[in-house]
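As a plain string of letters, each chain reads:
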Amino acid sequence: MTELIVCYSGWKAMVEQKLRVTLITGRTIDQGVAKELGKGSQEYFDNVAVCFLDSSDIKKLGLKNGMNVQVTSPYGSVVVKAKKYPYGAMPGMIFMPCGLWANAICSDATDSIGMPTFRGFDVDVEPAPDKPVLTLDELLKQEFGK
Amino acid sequence: MVEIIKSVVCPICGCLCDDLEVTVENNEIVKMKNGCAVCEAKMVHGYKSEERILEPHIRKDGKLVPVSMDEAIYKAAQILTDAKYPLLFGWTSSASETQHVGVELAEELGCALDNCCSVCHGPSVMAIQEIGIPTATLGQIRHRADLLVYWACDPWSAHPRHVERYTAFTDGRFEKSEFKEYVQKLKGKASQKKVEAAIRRTQVRYQPSPRPQAAVVEAPPQSLARDGRKMVVFDVRKTMTAEVADYFVQVEPNSDYEIFGAMRCLVNDQELDVDKVGGVPVDYLKEVVDVMVNANFGAIFFGLGLTQSVGRFRNIEIAIAMTRDLNRKTKFVISPMRGHFNVTGANTVFAWQTGYPFALDFSQGYPQYNPGEFTANDLLRRGDNDATLVISADPGAHFPKKSIQNMMKHPLITINPDWNAISRLGDVVFPAQWCGIEQAGTAYRMDSIAISLKKVVEAPKGVPPDEEIIRRILEEVRVIKTQKNKKEEEKGQGQQNLEKKM
Amino acid sequence: MTEILIKNGFVIDPLNKIDCQKMDIAIKDGRIVEKVNERDAKIIDASGLTVMAGGVDLHSHIAGSEVNLGRMLRPDDHVKDAVRKTTLTRSGTGYSIPSTYVTGYRYSKMGYTTVMNPSMAAMKAKHAHEELNDIPLIDKAAFTLLGDWWFALETIAKGDLEECARHIAWMIRATRSYAIKIVNPGGLESWGFGRNVHSLDDEVPNFALTPRDIVTGLAKVNTMLNMPHTIHLHTNNLGVPGNYKTTIETMQALESVYKGDNKPVGHITHIQFGSFAGDNWAHFKSGAAEIANYLNSHNHMTIDIGQVTFADTTTMTADGPFEFSLYELGGHNKWVNSDVETESSGGIIPFHFKKKNAVNAIQWSIGLELSLLIKDPWKVAMTTDHPNGGPFYHYPRVFAWLYSRKAREATLKKCNKKAQRKSLLPTIDREYTLYEIAIITRAGNAKTLGLKNKGHLGIGAEADVAIYNINPETTDIAQDYKPARKAFSNATYTIKDGEIVVKDKELVAIRPGRTMWLDVQTKEPLRIDEELKRKFKQYWTIEFDNYPVTDHYIKVPEKITIQASV
């Protein structure tokens with residue numbers, strides 16, 4: 001047992017607890033398809049409540065594909081599933097499909113021209129294996145009470 | 001009964017592809033040809049999903065309960081007339097006929113009126129108002145463009161048929177499709193992969209790959225100098241679109257303004273003292289600028305990556321300025337990739353009736369325009385408005401949390417076909433027909449070409465078009481306002497009589 | 001319908017050769033009639049007032065994609081001219097490009113009842129019609145840009161004018177249009193690759209024909225189709241010093257189409273912008289005398305002026321290359337270019353015409369010189385090419401400059417000194433009479449457009465009437481020009497289709513105007529086969545079925561059927 005604990009903490013020491021990265025939000029084809037199928041659909045949940053990380057960052061955080069992560073910004077915090085970004089390298093960046101989960105951490109600062117800051121700001125990512133990803137209705141309830 | 005309807009218009013993104021072939025069986029779309037994945041999701045499955053709103057609802061004791069249409073209309077009109085300063089927001093997935101009535105409603109209420117433009121290409125509109133824009137319809141680009149630059153946008157995901165219908169993979173009169181070259185490239189890549197795999201198999205020893213510190217920008221390929229169509233993608237991340245491009249330039253987040261500035265210098269034959277701008281070596285930029293200047297007809301498309309990151313409308317402004325400079329050397333155009341299928345229409349309709357494209361206010365009895373003051377997010381985050389009507393949009397899923405939290409402090413009316421995030425939050429929830437599936441109307445393509453949307457199936461019974469709902473609310477508002485005025489007059493008269501008596 | 005009797009007004013009706021006669025005008029069911037029952041009719045006492053037919057504007061950019069892009073482009077323009085909502089009227093904004101409702105209100109208040117929207121890209125026709133629907137109180141029609149349309153270019157290059165005519169007839173119907181508009185023929189196609197044509201005989205790249213072929217070809221097609229209006233032509237080299245030569249050459253080219261029957265074969269629009277002499281901007285001067293000389297000795301052309309009124313306005317034209325060269329001149333911060341596939345292009349630049357600027361002042365002078373030197377007013381139409389030379393509600397200023405030497409001298413005195421020296425105006429004594437003003441604002445324009453029931457007050461004419469507070473017996477408008485100018489800017493009464501819409505200078509009723517369009521019937525209709533559809537798919541990014549404007553887009557249509565001779 002002690003051995004195990006030592007081993008665990010050793011492994012923990014190897015990985016970062018938290019990573020400061022730049023958040024980019026945007027459309028993905030899957031998000032597009034899912035939103036047309038319905039915001040309450042399983043497809044929407046599967047494809048939008050996610051966060052894409054570079055493979056090197058995944059290694060740094062000691063994550064596995066599909067593991068829950070918590071993304072925190074000064075404006076809020078949300079738990080989503082982590083996925084490896086499939087196309088190219090983008091170390092130090094995470095990508096979230098636009099939708100409710102991404103907006104829970106977006107700033108409402110509009111620079112006085114009406115456009116909130118949806119992308120290009122710093123957030124912290126950390127593994128959150130014990131925290132659940134909230135569904136659309138749960139998230140609405142939590143954030144807006146309805 | 002099976003019916004095949006041709007030349008149907010897709011009511012999803014700003015491409016407004018109008019070549020869909022839809023098979024309708026027993027008032028249900030069963031099959032579709034030519035559409036993209038998103039289109040198929042909506043037109044074959046999504047529109048008839050269980051998430052559909054079939055009757056009006058009003059929130060009573062915290063729960064949404066079905067009510068009659070008359071009751072909902074009356075309640076909505078009452079909310080809007082009782083409020084001091086309502087906000088009418090959305091409009092971009094409605095036909096322009098609906099938007100038309102919307103302006104009248106806002107004018108009657110003397111309230112704020114905004115459309116989704118303020119959270120997508122509002123900054124682009126503002127940039128155009130600053131310095132204009134050299135642009136062209138998509139067909140002009142299809143016929144003539146031999147250089148296509150996609151900047152901070154991913155048409156493969158957001159406008160799936162843009163490349164195939166209007167730009168690189170389509171045959172124009174003077175420029176041919178690049179598709180064959182792309183297939184060649186793919187084949188080349190596949191064989192290269194095979195070779196690499198074979199080499200890997202021969203290597204016994206495991207070699208750890210070096211960990212990249214930041215994304216490395218590759219040098220421009222030889223193929224960029226050839227004749228014929230070429231495609232260049234600038235983005236912060238490699239996207240599907242970047243995969244099919246001849247050259248992908250990965251820029252650092254929030255550095256677009258600098259890169260445009262540097263490229264503008266290069267277009268104007270000035271030297272730069274630095275080696276790298278925004279993570280991109282200047283030498284590479286030079287090569288790209290050379291290709292731009294030597295193109296017969298170049299086109300730049302840009303997306304929300306520019307409007308939503310640091311710099312906002314200044315990013316667009318400098319992009320347009322660079323395009324203007326390029327026009328001194330060759331022909332160049334630039335276009336925003338408009339999102340919702342009729343967001344251009346909302347700008348258009350608002351502008352011809354009021355002179356302004358979005359961020360409107362009627363509180364003085366005449367239209368006023370000020371992004372940052374009358375834009376939905378600014379009103380909401382300041383808590384200026386005391387009632388909201390949302391039509392054919394889902395700010396519930398696409399506005400920052402704080403804005404929606406403030407919206408929740410006051411009554412909310414929604415008009416949407418399905419239970420999207422904002423409908424779930426509404427106090428008065430109207431059902432509506434799917435515009436372009438169950439309801440005909442006009443929409444404006446991203447290059448502001450008006451196209452008639454078709455009605456292909458009948459809507460479920462009792463679900464009206466959103467135009468009718470807005471019209472009825474408008475009539476009801478007028479009735480309530482006359483009643484109120486009458487009462488006030490009587491009150492005023494009573495007071496006058498009282499004064500006389502005294 | 002109510003009956004109206006306008007009593008004792010001074011009627012000016014040039015088409016019926018009535019010059020300031022005191023007489024009554026009777027109106028019934030939206031038409032001018034011989035008489036009405038005086039007891040039932042609404043009586044308008046017009047004694048001491050001037051009665052004319054409703055104004056007809058044959059060239060004013062009031063709607064469409066280009067205009068609206070101009071609106072969107074200029075919040076700075078609107079903020080100085082906001083229009084409040086009333087119980088009767090909608091709110092809106094001005095200034096140089098008023099919003100649709102305001103456009104209708106302002107025209108009506110000036111006594112205008114018909115306006116032609118002269119520049120509509122075929123592909124954007126639905127948009128233009130949607131906007132036209134929203135312009136109340138005036139009848140309107142749109143001209144389709146066809147001078148650089150690939151189908152037209154190809155058929156003309158092939159020499160097959162009959163085929164060209166069938167295509168044009170189809171297009172006129174498909175876009176619900178009224179006339180053929182040609183803008184910088186060949187130049188717009190060249191602009192597709194950033195080039196331009198510089199003379200009538202430059203070859204249009206990729207199409208093996210010249211601007212001369214396009215102009216004469218389409219003029220011939222226009223006659224074949226029996227169109228009520230001639231081709232509506234914006235000449236090559238517009239806005240370039242020395243371009244009066246091109247303008248005269250263009251008119252000379254059209255002599256070959258003229259049959260000598262006093263029926264014009266071409267209309268050159270905003271000719272002021274094509275009457276520049278001098279080799280460059282430094283030596284810029286007026287070419288008005290040369291143009292006027294030509295027109296005085298030839299009867300196959302009509303023109304409109306495109307008068308400059310010294311305003312902070314917005315220039316907009318389908319002539320993309322022209323707007324680019326204007327942008328290149330410098331000093332302009334906003335430049336819009338908008339090409340339209342296979343058909344046309346477009347450009348917008350905000351522009352402030354200043355009295356103290358030599359070129360601007362000379363341009364102002366050129367417009368007036370042309371109006372005054374061309375002897376026959378039936379050849380001339382008064383326009384400002386709204387909003388290019390100035391907004392349409394500046395027309396009364398132009399009237400004053402024309403009918404009063406004193407008025408134009410007062411303005412000339414404030415102009416740039418160099419321009420003053422170069423101006424021909426001091427040498428011109430002519431002053432327009434009210435009769436001539438009526439010709440260049442309604443009678444002549446209706447005649448040029450081929451509108452039989454407009455522009456006059458004869459029996460059977462449409463009951464569009466304007467009554468101005470001008471007493472020709474007691475006032476000398478040439479001496480005392482200001483009251484008349486004021487009267488023209490706000491009619492005492494405007495009657496549209498037999499309904500009083502302006503009374504005592506205020507709007508009292510709002511009614512929609514009609515949209516006129518031609519159904520040109522060729523003997524053999526255009527064959528729509530698979531071959532054509534395939535070509536269509538190649539040329540445009542819209543499906544053939546989705547291209548034409550449907551009835552849905554025209555709220556109050558007035559279809560005019562024309563039998564073509566091919």
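Preceding this paragraph is the structure being described.
Residues numbered from 1 in each chain as written. Chains lettered and ligands numbered in written order. Predicted model: local features only at pLDDT ≥ 70, side-chain atom pairs only at ≥ 80, totals over all residues.

**Q** Before we move on, could you go through the overall build of chain C and cite the residues and values that matter?
**A** If you tally the helices and strands in chain C, you get 18 helices and 26 strands. Burial status across chain C gives 62% buried among its 566 residues. Within chain C, contacts between residues separated by at least 24 positions form 78% of all contacts whose residues are at least 6 apart in sequence. (Helix = DSSP H or I, 4+ residues; strand = E, 2+ residues; numbered from the N terminus. Buried ≥ 20, exposed ≤ 12 C-beta atoms within 10 Å, placed from the backbone. Contact = placed C-beta atoms within 7 Å.)

**Q** Describe the interface of chain A and chain B, with residues and values.
**A** At the junction of the two partners, chain A supplies 48 residues and chain B supplies 60 residues. With five residues, helix H2 (residues 29–37) of chain A is the largest single contributor of residues to the side of chain A that touches chain B. When grouped by side-chain class, the residues that make up the side of chain A that touches chain B number 22 nonpolar, 18 polar and eight charged. (Nonpolar A, V, L, I, M, F, W, Y, C, P; charged D, E, K, R; others polar.)

**Q** Let's hear about the packing of helix H10 (residues 256–267) of chain B against helix H11 (residues 282–294) of chain B: which residues, and what values?
**A** Residue and element names in this part refer to chain B. Across the interface, H10 lies against H11 with an axial gap of 9 Å and an inter-helix angle of 55°. Taken together, the axis directions place H10 and H11 in an arrangement best described as oblique. By crossing handedness, the relation of H10 to H11 is classed as right-handed. Packed against H10, whose contacting residues are Ala 262, Met 263, Leu 266 and Val 267, the element H11 presents Val 282, Leu 285, Lys 286, Val 289 and Val 293 at the interface. (Axes fitted to C-alpha atoms, helices over the stretch in contact; angles between N-to-C directions. Parallel < 35°, antiparallel > 145°, perpendicular 65-115°, else oblique. Left-handed = near helix turned anticlockwise from the far one by under 90°.)

**Q** Describe helix H4 (residues 122–131) of chain B, with residues and values.
**A** Burial of H4 of chain B is extensive: eight of the 10 residues sit out of reach of the surface. Within H4 of chain B the residues assigned to the buried category are Gly 122, Pro 123, Ser 124, Val 125, Met 126, Ala 127, Ile 128 and Gln 129 of chain B.

**Q** Explain the pairing of strand E22 (residues 493–496) of chain C residue by residue, including any values.
**A** Residue and element names in this part refer to chain C. Alternating positions in E22 separate into two faces, Tyr 493 and Ile 495 on one and Thr 494 and Lys 496 on the other, with burial throughout. In this structure, E22 lies alongside strand E23 (residues 499–503), joined through four bridges in antiparallel fashion. Bridge pairing in E23 links Lys 496 to Glu 499. What sits between E22 and E23 in their antiparallel hairpin is a turn of two residues, with Asp 497 showing a positive phi close to 50°. (Pairing = 2+ DSSP bridges.)

**Q** An account of the sheet that holds strand E20 (residues 428–430) of chain B is needed here, citing residue identities and associated values.
**A** All names here are of chain B. Reading across from one edge, E5-E4-E20-E19-E18-E6-E7-E16-E17 is the order of the nine strands in this open sheet, with mixed pairing throughout. Looking at strand neighbours, the two that pair on one side only are strand E5 (63–66) and strand E17 (368–369), the edges of this open sheet. The pairing of strand E19 (residues 412–415) with E20 spans three bridges and is classified as parallel. The partner of Ile 413 across the bridge, within E20, is Val 428. Across the sheet, helix H2 (residues 69–82) is in contact with strand E4 (57–60), strand E6 (86–90), strand E18 (387–391), E19 and E20; its angle to E20 comes to roughly 130°.

**Q** Please provide a residue-by-residue account of the interface of chain B and chain C, values included.
**A** Each side of the interface is counted separately: chain B has 52 residues, and chain C has 47 residues. Of all elements in the fold, only strand E1 (2–8), helix H3 (96–109), H4, strand E8 (134–136), helix H5 (138–144), strand E15 (331–336), helix H14 (343–354) and strand E22 (450–453) of chain B reach the threshold of two or more residues within the side of chain B that touches chain C. In the side of chain B that touches chain C, the residues fall into 22 nonpolar, 21 polar and nine charged. Here E8 of chain B runs beside strand E18 (residues 336–339) of chain C; their pairing, made up of three bridges, is parallel. Residue pairing across strands places Pro 134 of chain B opposite Asn 337 of chain C, the latter belonging to E18 of chain C.

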